[in-house]
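Each chain, letter by letter, is given below.
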Amino acid sequence: MHGVLMGEPPSAPTTCTILWSTQSGRAKACARRTARLLRSRGVSIFGRPNETDPYGCAFDTFGSSNFLSFSATVADATDTSARLSHQRQLLVAFVSTTGDAEQCDTIRNTWLALLRKSLPSTTFSNLQFALFALGDRAYGPTAFCAAGRKLAARLVQLGARPYCVVGYGDDGTPNGGVFADLDEWLTSELLPTFVDIRRAHAADTSIFLPEPVYHVKAHICSTVEEAEDADHELQGEMYRQSY
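What counts, and where the lines are drawn
- Counting starts from 1 at the beginning of each chain's written sequence and moves along it residue by residue.
- Restriction of local features to residues with pLDDT of at least 70 applies here, the model being predicted, together with a cutoff of 80 or more for giving and counting side-chain atom pairs; totals for whole chains, interfaces and linings are based on all residues.
- The side-chain values count all of the structure's non-hydrogen atoms but skip hydrogen atoms and water molecules.
- Here a cavity denotes a set of grid points, spaced 1 Å apart and computed over the protein atoms alone, in which a 1.4 Å probe fits but from which it cannot get out, and a pocket denotes an open set meeting protein on both sides within 12 Å along at least five of seven lines; residues with an atom within 4 Å of a point are reported as lining.
- Grid points are joined across faces, edges and corners, and a volume is the space filled by probe spheres set on the points.
- Secondary structure elements are taken from DSSP: a helix is a run of H or I of four residues or more, a strand is a run of E of two residues or more, and numbering for both begins at the N terminus.
- Residues were grouped as follows: Ala, Val, Leu, Ile, Met, Phe, Trp, Tyr, Cys and Pro as nonpolar; Asp, Glu, Lys and Arg as charged; and all remaining residues, including Gly, as polar.
- Among the buried residues, those of types Ala, Val, Leu, Ile, Met, Phe, Trp, Tyr and Cys that are joined through side-chain atoms within 4.5 Å form a nonpolar core.
- A 1.4 Å probe rolled over the protein chains alone gives each residue an accessible area, and that area as a share of the maximum for its type sets the label: buried under 20%, exposed over 50%, partly exposed in between.
- What makes two residues a contact is simply this: any of their non-hydrogen atoms within 4.5 Å.
- You can read pLDDT as the predictor saying how much it trusts each residue, on a scale of 0 to 100.

Visitor: Give me the layout of surface pockets: which residues, what numbers.
Guide: Reported here for the second largest pocket is a volume of approximately 300 Å³. Among the secondary structure elements, those contributing two or more residues to the lining of the second largest pocket are β4 (89-98) and β6 (127-135). Each residue belonging to the lining of the second largest pocket can be placed in one class, and the counts come to 7 nonpolar, 7 polar and 4 charged.

This is the structure we're talking about:
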């Protein structure tokens with residue numbers, strides 16, 4: 001995104017808040033796909049304030065007052081060591097553009113709160129954000145992903161730092177539309193920054209995995225009769241297993 005500087009190299013987060021704004025449901029679908037991939041890496045997902053949520057929630061469900069208080073703990077810290085002891089919070093946002101390059105209904109209250117002139121430039125000093133904007137290039141370069149670009153710019157004005165390059169989803173992208181663009185953004189930008197927490201834990205010799213419940217056998221069959229015999233053998237193995 002032009003005009004936005006990347007922050008220092010991010011440390012691998014173990015939690016994040018996922019929020020979306022959508023009119024037709026595509027941004028929510030993008031958020032759900034991203035949440036599933038992050039959870040598969042052991043990342044805890046938050047949506048509603050102070051609650052783990054499998055897929056996050058809409059901006060206005062999260063609440064404008066809660067959104068504005070993202071970095072309250074660090075903003076209130078008085079000494080340098082206290083500030084450094086707090087890891088920046090991570091927001092992963094999915095923002096659709098609707099109408100005449102406008103924000104969707106599900107972020108309208110939050111957006112109005114963000115436009116207050118009284119907000120200090122340190123409002124989000126403890127916030128990093130990864131943002132995927134959704135739009136349609138057919139409406140022209142000014143309107144394309146306008147809502148997401150405006151939100152990203154406003155967050156930076158208020159002290160937040162980009163976690164990675166902003167992603168852009170185009171309804172007109174061949175073979176998948178915004179979802180094709182989402183997969184490209186996830187693969188090249190967002191997911192590589194996350195440590196696979198579960199794999200890291202599995203490498204710890206102090207953690208023992210249970211014995212597998214299922215065992216797979218390969219049968220090479222040249223006739224229908226042999227295939228039927230192998231199938232019966234597999235059925236017997238299934239009934240002998242304890243569950």
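So, next bit.
Visitor: If you had to explain the nonpolar core to someone new, which residues and values would you point to?
Guide: One finds Phe-59, Phe-67, Leu-114, Phe-124, Leu-131 and Leu-151 to be the most contacted residues of the largest nonpolar core, which totals 29 residues. Contributing elements (two or more residues each) for this core: α2 (59-62), α3 (64-68), β4, α6 (108-114), β6 and α7 (146-157). Excluding anything up to four places from it in sequence, Leu-114 contacts Phe-67, Leu-68, Leu-119, Phe-124, Leu-151, Arg-154 and Leu-158.

Visitor: For the confidence of the model for the protein, give the residues involved together with the corresponding values.
Guide: The predicted coordinates ought not to be read in detail in places where the model reports low pLDDT. When pLDDT is averaged across the protein, the result is 78; 66% of the residues are at 70 or more. Within the model, pLDDT remains below 50 along residues 1-10, and this stretch shows 17 contacts once partners closer than five positions in the same chain are excluded. Every residue in residues 204-216 is under pLDDT 50, and counting partners more than four places away or in other chains gives 6 contacts.

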